[in-house]
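Next come the chains, spelled out residue by residue.
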Amino acid sequence: MNVKYSSLFEPFTFKSGFRLDNRIIMAPMTTQSSFENGMVTTDEYLYYKRRATGVGMVITSCAQVMENGKFPGSLSVSSDKHIESLSKLAESIKSCGTKAILQIFHVGRMGMSAAIGEQTVSASAIPAPRKDAETPRELSTEEVHEMVKAFGEATRRAIEAGFDGVEIHGANTYLIQQFFSPHSNRRNDEWGGTLEKRMRFPLAVVQSAKEMIDTYSKKPFLFGYRISPEEIEEPGITLDDTLALMSKLKKEGLDYIHVSVGDAQQSSIRNKESKDAVLANIQEEIGQDIPLIGVGKIQTPDDALNTLELGLPLVAIGRGLLVEPDWIRKIKDGNETSIRTEIKPKDYKDLCFPDAMWEYVQSRPGWLPFSESNPKK
């Protein structure tokens, strides 16, 4: 291995005692490939098994905590009947010597009534700022409490299924972010209005999950939270808002915060005068108190090094592992120049994409680097 990349393979131990063999994490990516009832498909087992070897841990695609919080093809952790299916997924990942982390979420207003069979729900009856967005129904106070409990129950099920941890998905415009955002949360009760009140739902979710970890986990169980630091909408989440929430989150027993940005090196999307990387700003403000995971367009080992040089201790790779499942092995073998940078027709079977996921990425031009328009053929 080229010695310049040795820092990527240093072990990392969290305060809880949970240990990773290296600093590289497989980022959560939507497969859209589960059965209609949220059970895991064979294609998904194979997809994760193909990419799990060598990385410090794998964070799965998001699993809904309630059935009205799904999108087509998403995993489910909404009831005890899903535990057996999820346990097979956990074992598939762990059999490669890798830690398995289940990401849990609720889609909120980003869902579709056609998929859930009823009107979507959110913090307030405000549609998302996108074409053809549906207007959600505002959750009642009682339903908010039920939702908080659902995240706790999902965490218990993850423990019983044999996962090594959970990641609360508070990013990417899903329900937890919708409660935190002044755009989607226009409530005037205890769950909305001021910044302090908008923080209550994410903090309540974290507390509910932590209670279940303390009650049911018999060994160190990794506990993370994913967050999007800014919104472009007006009104929208600002970096100052996010730092305020992080200051609260770091006191809640979390092991890490996963900062979701499109490019690990990007500057603020709201403050155009700032030229500093948002990840660097967050690391400076909060990174000494809680480990941060950086993510976003990290495709080469040099990209990963550049992210560590921002001060972050951990790096998550998404599309890089989609294109090159052997990313880790090739770097360890000193063959980083042979890392795939585009998908060719002959690569399709080797990549073990579930068919539904393949159709999904094909529908997003430029999201993955294809050498031909339809490499499956």
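The model shown is predicted, which means the values in this text are computed figures rather than measured ones.

Rules used throughout
Residues numbered from 1 in each chain as written. Predicted model: local features only at pLDDT ≥ 70, side-chain atom pairs only at ≥ 80, totals over all residues. Heavy atoms only, no water. Helix = DSSP H or I, 4+ residues; strand = E, 2+ residues; numbered from the N terminus. Rg over C-alpha atoms; globule rule 2.2 N^0.38 Å. Buried < 20%, exposed > 50% of the residue type's maximum accessible area, 1.4 Å probe, protein only. Contact = heavy atoms within 4.5 Å. Areas by Shrake-Rupley, 256 points an atom, 1.4 Å probe, with all protein chains shown as cover. UniProt positions renumbered as here; feature names shortened; annotations may be inferred. Salt bridge = Lys/Arg side-chain N within 4 Å of Asp/Glu carboxyl O. Axes fitted to C-alpha atoms, helices over the stretch in contact; angles between N-to-C directions. Parallel < 35°, antiparallel > 145°, perpendicular 65-115°, else oblique. Left-handed = near helix turned anticlockwise from the far one by under 90°. Nonpolar A, V, L, I, M, F, W, Y, C, P; charged D, E, K, R; others polar. Pairing = 2+ DSSP bridges. Expected span 1.5 Å × (residues − 1). Arc of directions from axis to C-beta. Polar contact = N/O pair within 3.5 Å; in protein donor to acceptor, adjacent residues only side chain to side chain. Phe/Tyr/Trp six-rings, centres within 6.5 Å; stacked < 30°, edge-to-face > 60°. Lys NZ or Arg CZ within 6 Å of the ring centre and 35° of its normal.

Colleague: Help me understand the overall build of the chain, please; the structure alone is not making it clear to me.
Modeller: From N to C terminus, the chain includes 14 helices and 14 strands. On C-alpha atoms alone, the chain measures out to a radius of gyration of 20 Å, which is about the 21 Å that the 2.2 N^0.38 rule sets for 377 residues. Along the longest, intermediate and shortest principal axes, the C-alpha atoms of the chain span 60 × 45 × 45 Å. Per-residue burial over the chain gives 58% buried out of 377 residues. When contacts within the chain are restricted to residue pairs at least 6 apart in sequence, long-range pairs at least 24 apart make up 67% of them. Counting every atom, the chain has about 15400 Å² of accessible surface; 47% of that belongs to carbon and sulfur.

Colleague: Looking at this structure, how should I read the UniProt feature "domain: NADH:flavin oxidoreductase/NADH oxidase N-terminal" (unreviewed entry) in the chain?
Modeller: Taking the UniProt record as the reference, the feature "domain: NADH:flavin oxidoreductase/NADH oxidase N-terminal" (unreviewed entry) is found at residues 7–336. Segment residues 7–336 splits into 34% helix and 15% strand. End C-alpha atoms: 15 Å apart.

Colleague: Explain the pattern of salt bridges to me, please; I cannot follow it from the model alone.
Modeller: Taken as a whole and judged by the stated rule, the model has 24 salt bridges. For the salt bridge of Glu 160 with Arg 156, the shortest nitrogen-to-oxygen distance reads 3.2 Å. Within this pair, Glu 160 and its partner Arg 156 are both found in helix H4 (residues 141–160), separated by four residues, close to a single helical turn. What makes Glu 160 partly exposed here is its relative accessible area of 42%. With a shortest N-O distance of 3.6 Å, Arg 340 and Glu 324 are connected by a salt bridge.

Colleague: Just to check I follow, could you spell out the environment of Tyr 174 for this structure?
Modeller: Here Tyr 174 is to be found in the loop between strand S10 (165–170) and helix H5 (175–180). Excluding residues within four positions of it along the chain, Tyr 174 makes contact with Phe 71, Phe 105, His 106, Val 107, Met 110 and His 169.

Colleague: Even after reading the chapter, I still don't get the packing of helix H7 (residues 200–216) against helix H8 (residues 239–249), so can you show me in this structure?
Modeller: If you want to describe how two helices pack, look at the angle between their axes and the distance between the axes. The N-to-C vectors of H7 and H8 enclose an angle of 25 degrees; their axes lie 11 Å apart at closest approach. Judged by the inter-axis angle, H7 sits roughly parallel to H8. Relative to H8, the crossing made by H7 is right-handed. Across the interface between the two elements, Pro 202, Leu 203 and Val 206 of H7 pack against Leu 245, Lys 248 and Leu 249 of H8. Each residue belonging to the contact of H7 with H8 can be placed in one class, and the counts come to five nonpolar, no polar and one charged.

Colleague: I keep staring at the pairing of strand S12 (residues 256–259) and nothing clicks. Help me out?
Modeller: Both faces of the sheet carry side chains from a regular strand, because those side chains alternate between them. Along S12, one buried face is formed by Tyr 256 and His 258 and the opposite face, lined by Ile 257 and Val 259, is buried too. Relative to S12, strand S11 (residues 222–227) runs parallel, the two being bridged by four bridges. Note on S12: the bridge partner recorded for Gly 224 is Tyr 256.

Colleague: Any chance you could explain H7 here in plain terms?
Modeller: Every α-helical turn comprises 3.6 residues, leaving residues that sit three or four positions apart pointing alike. The first and last C-alpha atoms of H7 sit 24 Å apart over 17 residues, in line with the 24 Å expected at 1.5 Å per residue. Within the span of H7, buried status applies to Phe 201, Pro 202, Leu 203, Ala 204, Val 205, Val 206, Ser 208, Ala 209, Met 212 and Ile 213.

Colleague: Can you help me understand helix H14 (residues 355–362) in this one?
Modeller: Buried within H14 we find Met 357, Trp 358 and Val 361. All buried residues of H14 lie within an arc of 105 degrees about the axis, which places them on one face of the element. Considering only its buried residues, H14 is in contact with helix H1 (42–52), helix H11 (319–323) and helix H13 (348–351).

Colleague: Just checking my understanding: could you explain the side chain of Ser 34 for this structure?
Modeller: Looking at the secondary structure, you find Ser 34 in the loop between strand S3 (24–26) and H1. In terms of polar contacts, Ser 34 uses its side chain to reach the side chain of Glu 44, at 3.0 Å.

Colleague: Looking at this structure, I do not really get the packing of H4 against H7. What am I missing?
Modeller: Where H4 contacts H7, the axes come no closer than 8 Å and their chain directions differ by 35 degrees. As H4 runs across H7, the sense of the crossing is right-handed. Touching Val 144, Met 147, Val 148, Lys 149, Phe 151, Gly 152, Glu 153, Thr 155, Arg 156 and Ile 159 of H4 are Phe 201, Ala 204, Val 205, Ser 208, Ala 209, Met 212, Ile 213 and Tyr 216, all from H7. Its residues assigned to classes, the contact of H4 with H7 comprises 12 nonpolar, three polar and three charged.

Colleague: I would appreciate a short explanation of the environment of Ala 125 in the present structure.
Modeller: By the secondary structure assignment, Ala 125 is in the loop between strand S8 (121–122) and strand S9 (137–138). Along the sequence, Ala 125 and Phe 18 sit 107 residues apart, while their C-alpha atoms lie 41 Å from each other. Dropping the residues within four chain positions of it, Ala 125 is found in contact with Thr 135, Pro 136 and Glu 138.

Colleague: Before we go on, may I ask you to explain the packing of aromatic side chains in this structure?
Modeller: Each aromatic ring pair is characterised by the separation of its centres together with the angle its planes make. All chains considered together, the criterion is met by 11 aromatic pairs. Ring centres 6.3 Å apart and planes at 80 degrees place the aromatic pair Trp 191 and Phe 201 in the edge-to-face group. Here Trp 191, found in the loop between H5 and helix H6 (195–198), pairs with Phe 201, found in helix H7; they are 10 residues apart in sequence, far enough to count as distant. Note on accessibility: Trp 191 and Phe 201 belong to one class, buried. In this structure an aromatic cluster arises from ring pairing among Phe 12, Phe 14, Phe 18 and Tyr 256. Lying over the aromatic face of Phe 353, Arg 51 brings its terminal NZ or CZ to 5.2 Å of the ring centre. The ring of Phe 18 has Lys 99 lying over it, and the distance from NZ or CZ to the ring centre is 5.7 Å.

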